[in-house]
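Okay, here's what each chain looks like letter by letter:
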Amino acid sequence: MNVQEHLQRAQDLLARGQPELAESALGDAIDASVAADDLILLTRARFALGEFLFQQQRDDEALAYLQAVVRTERVDGAVDSEVKASARMLRQIRGTEPR
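A brief report on the enclosed structure follows. Because the structure is predicted, anything quoted here is derived from the model rather than measured.

Conventions adopted
- Residues numbered from 1 in each chain as written.
- Predicted model: local features only at pLDDT ≥ 70, side-chain atom pairs only at ≥ 80, totals over all residues.
- Heavy atoms only, no water.
- Helix = DSSP H or I, 4+ residues; strand = E, 2+ residues; numbered from the N terminus.
- Buried < 20%, exposed > 50% of the residue type's maximum accessible area, 1.4 Å probe, protein only.
- 1 Å grid on protein atoms, 1.4 Å probe; cavity = no way out; pocket = protein on both sides within 12 Å on 5 of 7 lines; lining within 4 Å.
- Points joined across faces, edges and corners; volume = space filled by probe spheres on them.
- Nonpolar A, V, L, I, M, F, W, Y, C, P; charged D, E, K, R; others polar.
- Core = buried A, V, L, I, M, F, W, Y, C linked by side-chain atoms within 4.5 Å.
- Contact = heavy atoms within 4.5 Å.

With that settled, the discussion passes to unusual backbone geometry. In this structure, Asp-37 is a non-glycine residue whose phi angle is positive, near 55 degrees. Take Asp-37: it is sitting in the loop between helix H2 (19-36) and helix H3 (39-55). Of note in the backbone geometry, Gln-57 takes a positive phi value of approximately 60 degrees without being a glycine. Structurally, the position occupied by Gln-57 is in the loop between H3 and helix H4 (59-70). Its relative accessible area of 64% is what places Gln-57 among the exposed residues.

As structure tokens, this is what we get:
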């Protein structure tokens with residue numbers, strides 16, 4: 001499976017009320033993006049897992065993924081939306097912005 005397929009599988013599993021399996025699929029998406037050596041896909045997969053953990057109120061676990069996304073620099077703007085959303089979630093976790 002490629003990264004996009006893992007991400008889609010995670011969304012499908014969440015829609016069916018299977019968050020544990022969705023979390024596993026998101027981890028698989030990260031692994032697949034590392035194997036593909038694709039920074040954009042890795043950033044998107046990290047964002048998806050960080051956002052999932054944030055929504056599950058597992059902030060301590062979400063921190064590392066969201067921080068990795070924020071540290072990603074792309075001059076072409078390919079992951080700007082993920083970076084901005086991650087920064088917002090980090091502010092919410094730190095309590096500097098309402099949830």
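What the largest pocket holds in volume is close to 280 Å³. Taken together, 13 residues make up the lining of the largest pocket; nearest its centre are Leu-7, Gln-11, Leu-26, Ala-48 and Glu-51. Elements that contribute at least two residues to the lining of the largest pocket include exactly helix H1 (3-15) and H3. Among the residues making up the lining of the largest pocket, the classes are represented as seven nonpolar, four polar and two charged.

Core analysis: the largest hydrophobic core is formed by 28 residues, its most contacted members being Val-3, Leu-7, Leu-26, Leu-49 and Met-89. Broken down by secondary-structure element, the contributors of at least two residues to this core are H1, H2, H3, H4 and helix H5 (80-94). Beyond its immediate chain neighbours, meaning those up to four positions away, Leu-7 contacts Leu-26, Ala-29, Ala-45 and Ala-48.

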